[in-house]
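# Structural characterization, general
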Amino acid sequence: MNEHIILILDNKLKIKYVDQLLPKLRIDHVDFVNELESDFIGFYDWLRESADVIKGVRLVPFDFAEEALTQIPNRPYMQKLHDYGLELYFTDEANYIEQISCDQDIGRTKLYKAGASDYAIGFDIKNLSFDELRLLDDLITKENG
Amino acid sequence: MDNPIRYIDEFGLDTGKVKPAPKPIVLKEVKVTATKAKKKSDVDPVGTNLFHHAYKPAPWNHDDCHCPVLDQAMILAVIIATDGLGDFLEGAAADESLEGLTTEELNAKISDSQRDLLRDWFKDIKNGADPENVPEGLTKETLKVYEQVAKNAINAGKDARLGVQAQRLKYIEKAIKVIKK
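One structure accompanies this document, and this report is about it.

A separate point is the overall build of chain A. Within chain A, the regular secondary structure consists of two helices and 10 strands. When the elements of chain A are put in sequence order from the N terminus, they spell out β-β-β-β-β-β-α-β-β-β-β-α. In terms of C-alpha radius of gyration, chain A reaches 14 Å, essentially the compact-globule figure of 15 Å for 145 residues. Once the C-alpha set of chain A is aligned to its principal axes, its extents read approximately 35 × 35 × 25 Å. When burial is assessed residue by residue, chain A has 40% of its 145 residues classed as buried.

Across the boundary between the two partners, chain B contributes 14 residues, which contact 12 residues of chain A. Elements supplying a minimum of two residues to the side of chain B that touches chain A: α4 (103-108), α5 (112-126) and α7 (164-180) of chain B. Considering each element in turn, the side of chain B that touches chain A owes the most residues, four residues, to α5(B). Across the side of chain B that touches chain A, the residue classes break down as four nonpolar, five polar and five charged.

All right, on to unusual backbone geometry then. Residues and elements named next belong to chain A. Here D28, not a glycine, exhibits a phi torsion of approximately 50°, which is positive. Structurally, D28 can be placed in the loop between β3 (24-27) and β4 (30-34). Taking the number of C-beta atoms within 10 Å as the measure of exposure, D28 has 9 and is therefore exposed. Positive phi is not limited to glycine here, since D52 has a value of about 75°. You can see D52 is positioned in the loop between β5 (42-50) and β6 (53-61).

All names here are of chain A. The antiparallel open sheet is built from six strands, whose spatial order is β2-β1-β10-β9-β4-β3. Pairing within the sheet leaves two strands with one partner each, and these edge strands are β2 (13-18) and β3. Adjacent strand axes in the sheet meet at a mean angle of 30° when their direction is disregarded. Relative to strand β10 (residues 118-124), strand β9 (residues 109-114) runs antiparallel, the two sharing six bridges. By the bridge assignment for β10, L111 is matched with I121.

With that out of the way, let us pick up the environment of A:Y17. Residues and elements named next belong to chain A. In this fold, Y17 is placed in strand β2. The sequence separation of Y17 and G115 amounts to 98 residues, and the corresponding C-alpha distance is 21 Å. For Y17, the contacting residues outside a window of four places in its chain are N2, I5 and I140.

This brings us to the environment of A:H82. Considering the arrangement of structural elements, one finds A:H82 in the loop between β7 (78-80) and β8 (86-89). With 17 residues separating them along the chain, A:H82 and A:Q99 place their C-alpha atoms 20 Å apart.

This part takes up the sheet that holds β8(A). Neighbouring strands of a sheet are bound in pairs by backbone hydrogen bonds; such pairs are parallel or else antiparallel. Residue and element names in this part refer to chain A. What the four strands build is an open sheet, ordered β5-β6-β8-β7; its pairing is antiparallel. Of all the strands in the sheet, the pair left with one neighbour each is β5 and β7. Strand-to-strand twist across the sheet, computed as the mean angle between neighbouring axes with direction ignored, equals 20°. Here β6 runs beside β8; their pairing, made up of four bridges, is antiparallel. Each bridged residue has a counterpart across the sheet, and for R58 the counterpart in β8 is E87.

Moving on: the nonpolar core. Within the largest apolar cluster, 51 residues are counted, with the highest numbers of intra-cluster contacts made by A:L7, A:V57, A:L111, A:A120 and B:Y146. The greatest single-element share of this core, amounting to six residues, is contributed by helix α6 (residues 140-155) of chain B. Once you skip the residues sitting within four places of it in the chain, A:A120 turns out to touch A:I6, A:L7, A:I8, A:L9, A:F32 and A:Y112.

All names here are of chain A. With respect to burial, strand β1 (residues 4-9) is a largely interior element, six of its six residues being buried. Neither face of β1 is exposed, since H4, I6 and I8 on one face and I5, L7 and L9 on the opposite face are all buried. With six bridges connecting them, β1 and β2 associate as antiparallel partners. Within the sheet, the bridge partner assigned to H4 lies in β2 and is V18. If you look at the hairpin formed by β1 and β2, you'll find three residues sitting between the two strands. Where β1 meets β10, five bridges bridge the pair, whose relative direction is antiparallel. In the strand pairing of β10, I8 is matched with A120.

Reading the values: rules and limits
Each chain carries its own residue numbering, running from 1 in the direction its sequence is written. Each chain is given a letter, starting from A, and each ligand a number, starting from 1, according to the order in which they appear as written. Residues qualify for local features only when their pLDDT is at least 70, as the model is predicted, and side-chain atom pairs are given and counted only at 80 or more; totals for whole chains, interfaces and linings, by contrast, use all residues. Numbering goes from the N terminus for both helices and strands, where a helix is a DSSP run of H or I of at least four residues and a strand is a run of E of at least two. Atoms counted for the radius of gyration: C-alpha only. Globule rule: 2.2 Å times residue count to the power 0.38. Residues are called buried when their C-beta atom has 20 or more other C-beta atoms within 10 Å, exposed when it has 12 or fewer, and partly exposed otherwise; all C-beta atoms are positioned from the backbone. Contact between two residues is assigned when their C-beta atoms, built from the backbone, lie within 7 Å. In this classification, the charged set is Asp, Glu, Lys and Arg, the nonpolar set is Ala, Val, Leu, Ile, Met, Phe, Trp, Tyr, Cys and Pro, and all remaining amino acids, among them Gly, are polar. The rule for pairing is simple: two strands pair if DSSP sees at least two bridges between them. Angles here are taken between N-to-C directions and fall from 0 to 180 degrees, while the axes themselves are lines fitted to C-alpha atoms, restricted in helices to the stretch in contact. When buried Ala, Val, Leu, Ile, Met, Phe, Trp, Tyr and Cys residues are joined through C-beta atoms within 7 Å, the set is termed a nonpolar core.

Purely geometric stuff here, so don't read any function into it on its own.
As structure tokens, this is what we get:
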């Protein structure tokens, strides 16, 4: 069972499963290296459009991760928040309901970098419900063709 | 000639009258019970809320003791006069040591297994569980460290949107009392 996803912050968002958030990851022939030592860089919320339907994720970084996150280039599926938070939307319609999107999960989160400006962020998905995982899996399968 | 003055024993001095013997005193055993008075508010204008400080001492060197009457030296004196001194000193020392740490250092103090327990506990509470149902193995030390992480997030303005960390502080306060027992 996959316990983590990694979001590759390319021009188009790519979502992949990974077993572990190791310090180095090779994804689609690209070598990503951890940008920060920590594997707990902030709280995160799954952005839900309705019960079980996840449309994105919001990372609320700790102070030590703020600077690194500001280096990530802006992308169309991304919104940088005033408190250094970062919202990443999995679909074009990025509507979500705040009241059901307040996990503040404390699972593993890791920031990676490849080359000069390619970034990826890994998230622990163990706390998602079965239905949430199933729908997320449908999305990932569709995205990856 | 008869005496016109009537005899009246006004002060009961006539020993010729026999008074009834007093009933013997019988001691009865009674059960004394007490209930905790409901706290009406945090305001204690006459300083009667000493037990608040005795049982749950506010850190004497912090600003968050709102007692309007007792100053910090008096609070310390009350704590010393009670059995709470050991816990007080231990708690104050732990709080002091955690406050000086960065968030990264605090995170490093929480092991993966403790973080998983903490995570499960938060998830259970979100699903309706009682916060006092603390998972077996989750330690008071971990709760104290997380408490500081949450406080840092709140102080940095990162909890303003959701208020989740502020709510977790309340859960932690309850849980620490349970673990202490």
